[in-house]
Structure formats: C-alpha cells, structure tokens
Amino acid sequence: MSAYIVGLTGGIGSGKSTVADLFVEKGAVLVDADAIAHELTRPHGVAMPSVIAEFGPVALDAYGALDRTAMRQLVFAEPGARIRLENILHPLIRQISTERCQTAQSPYAILAVPLLIESEGYRQRCDRVVAVDCPEQLQIERVIARNGLSVGEVRAIMAAQATRAQRLAVANDVIINDADLANLAWQVNTLHEKYLQLSAEKPNASC
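If you're wondering where the values come from, they're calculated on a predicted model, not measured in any experiment.

Enquirer: Go over the packing of aromatic side chains with me, naming the residues and quoting the values.
Expert: Under the counting rule described, the total for this entry stands at three aromatic pairs. When the centroid spacing of 5.5 Å and the interplanar angle of 70 degrees are considered together, the rings of Tyr 108 and Tyr 195 count as edge-to-face. With Tyr 108 in the loop between helix H5 (79-102) and strand S3 (109-112) and Tyr 195 in helix H10 (residues 181-201), this pair connects stretches of sequence that are 87 residues apart. One exposure class covers both Tyr 108 and Tyr 195, and it is buried. An aromatic cluster of at least three residues, connected via ring pairs, comprises Phe 23, Tyr 108 and Tyr 195.

Okay, here's the thing in structure tokens:
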C-alpha cells in the first residue's frame, strides 16, 4: 500500500500531464482519473452500456467508444448533460482510483484529478495537494495549439473548473509552469525529495 497520497491538479492547459510524467520518472506511481475515464469509455468499456442507455447512439464514435467531441458539444448546449455523464463515470473513477492507490508500490503516489479542488471527497483522500499553475492566457494558448479549440470553447471549459485563485488557496505546494522543461523538472525534483521525507514520516497513511 502506498504510504502517502499527493493530489495533483491544475486547470486545462496548465501542464498537469507533463508534471505527472516527471513524477513517474522519479519513481512515483501515477493514478490518473482522466486515464481511468478513458479506460471506462473505450470500446466495450465498463461505463459504455450506461452511457448508451443514457444518451443513445449519439454518444458513440465509429469504433464504439465515447465520442468526446459530440459529448462536449452536447454539454455546452445542455448543461444538465454534464451532470448525467458525471453521475455515470465519477463513482466508477472513485472506486478504481481508490483501489489503485491502495495497491501502489511506491513511497508516495500521485493522484491526478482535474476536478480535485471541486471534489471534497478526493481532497480528503490526499495527504497533500500540489497545483500546477500558469497565467490564464498561457493556458488558453496551449489548449488552442494542442486541441484546436476556439478561445470561446477554452474559456467555457475553464469556467466549468475551479478558478486559479481557488486552486492556489487549497494547494499545499505549487508548481509554476511558465518556463522551460528544465525549470519544471527542477521543481518536481524538489517536491519529490520533500514527498519522500513526508512519506517516511507517515508510513501508514492511505488514500
């Protein structure tokens, strides 16, 4: 069982995935809520029968997986659709992430949850929270470059997430991702050493 759980969060385009990968390079086990969501909604994924029953064939892509573009458009047009989808996915994600935290073979595990700040249940499972932060304009530019969304679409996604100030208010540690990869790796290494020390002081912690 992993002795220490570090919750990792940040807004869209902040660089959470890059930071998570850097922690993995240091030997931390990564439990990624987004990755679990993709597992659940791939062709023949555990969540797909419930998704199809709730939304019909419009939710499917050509391969039988969740059509994320179609669902994003539906959520923007019908706010209640987001809640309906979350009611299907979130209980499963919580169950699987808990199991993976409990079996993680590393001094500490990184629990990456985009909506960590918004979800008190996830925060309570973490011994510490680290937020990846950068200026909002940089977030927007990164998401447009990576996903090809419009400024309006990116701002709508950001509006559905916790604000930058809310994340910083909850975080125990902050990683600033507004420079190069070397600077990011240096910050991760510093926190890695810190988490090794904290995990040694609390060997029986669990998520």
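Enquirer: Give a detailed account of the nonpolar core, specifying residues and quantitative values.
Expert: Grouped together as the largest cluster of nonpolar side chains are 31 residues, with contacts concentrated most on Leu 40, Val 51, Phe 55, Leu 89, Ile 93 and Leu 111. Elements supplying a minimum of two residues to this core: helix H2 (33-40), helix H3 (48-55), helix H4 (68-77), H5, S3 and strand S4 (128-133). The element that contributes the greatest number of residues to this core is H5, accounting for seven residues. In contact with Ile 93, other than residues within four places in its own chain, are Ala 33, Ile 36, Ala 37, Leu 40 and Tyr 122.

Enquirer: Please provide a residue-by-residue account of the sheet that holds strand S1 (residues 5-10), values included.
Expert: Hydrogen bonds between backbone groups are what pair the strands of a sheet, and the pairing can be parallel or antiparallel. The sheet built from five strands is open, its strands ordered S2-S3-S1-S4-S5 with parallel pairing. Single-partner strands in this sheet number two, and they are strand S2 (29-32) and strand S5 (173-176). Pairwise comparison of adjacent strand axes, ignoring direction, gives a mean angle of 25 degrees for this sheet. Looking at chain direction, S2 and S3 are connected through four bridges and run parallel. Its bridge partner lying in S3, Leu 30 is registered against Ile 110. The sheet strands contacting H2 are S2 and S3, and the helix crosses S2 at an angle near 55 degrees. Set on the sheet, H5 makes contact with S1, S2 and S3; between it and S2 the angle comes to about 175 degrees.

Enquirer: Outline the packing of helix H1 (residues 16-25) against H10, listing residues and values.
Expert: Their axes nearest at 10 Å, the elements H1 and H10 cross at an angle of 55 degrees. It follows that H1 is oblique to H10 by the angle criterion. The two elements H1 and H10 cross, and the hand of that crossing is right-handed. Within the contact between the two elements, H1 uses Thr 18, Val 19, Leu 22 and Phe 23 and H10 uses Leu 181, Leu 184, Ala 185, Val 188, Leu 191, His 192 and Tyr 195. Residue composition of the contact of H1 with H10, grouped by class: nine nonpolar, two polar and no charged.

Enquirer: An account of the side chain of Asn 177 is requested, with residue identities and associated values reported.
Expert: Turning to its location among the elements, Asn 177 is positioned in the loop between S5 and H10. For Asn 177, a relative accessible area of 8% corresponds to the buried category. In terms of polar contacts, Asn 177 uses its side chain to reach the backbone carbonyl oxygen of Ser 14, at 2.7 Å.

Enquirer: Can you lay out the pairing of S3 for me, pointing to particular residues and giving the numbers?
Expert: Along S3, one buried face is formed by Ala 109 and Leu 111 and the opposite face, lined by Ile 110 and Ala 112, is buried too. Pairing analysis gives four bridges linking S1 to S3, with the strands arranged parallel. Following the sheet pairing, Ile 5 is matched in S3 by Ala 109.

Cut-offs applied
Each chain carries its own residue numbering, running from 1 in the written order of its sequence. The model is predicted, so local features are restricted to residues of pLDDT at least 70 and side-chain atom pairs to those at 80 or more, both for listing and for counting; the totals for chains, interfaces and linings are taken over all residues. Side-chain numbers here rest on the full set of heavy atoms in the structure, without hydrogens or water. In this scheme Phe, Tyr and Trp rings, the latter by its six-membered ring, pair at centre separations within 6.5 Å, and the angle between planes marks the pair as stacked below 30 degrees, edge-to-face above 60, and tilted otherwise. Note on conventions: DSSP H or I runs of at least 4 residues are helices, E runs of at least 2 residues are strands, and numbering of each starts at the N terminus. Burial classes: relative accessible area under 20% of the type maximum marks a residue as buried, over 50% as exposed, and values in between as partly exposed (1.4 Å probe, protein chains only). The set of buried Ala, Val, Leu, Ile, Met, Phe, Trp, Tyr and Cys residues whose side-chain atoms join them within 4.5 Å is what this entry labels a nonpolar core. Throughout, a residue-residue contact means that at least one pair of heavy atoms, one from each residue, lies within 4.5 Å. Paired strands, as defined in this entry, are two strands with at least two bridges between them according to DSSP. Whenever a helix is involved, its axis is fitted only over the stretch in contact; in every case the axis is a line through C-alpha atoms, and angles between N-to-C directions fall within 0 to 180 degrees. Convention used here: angles under 35 degrees read as roughly parallel, angles over 145 as roughly antiparallel, angles from 65 to 115 as roughly perpendicular, and any remaining angle as oblique. It is the rotation of the near helix from the far one that decides the hand of a crossing: anticlockwise by less than a right angle makes it left-handed, clockwise makes it right-handed. Only Asp, Glu, Lys and Arg are considered charged, only Ala, Val, Leu, Ile, Met, Phe, Trp, Tyr, Cys and Pro nonpolar, and every remaining residue, Gly among them, polar. Polar contacts here mean pairs of N or O atoms no more than 3.5 Å apart (in protein, one a potential hydrogen donor and the other a potential acceptor; neighbouring residues in sequence count only if both atoms are side-chain atoms).

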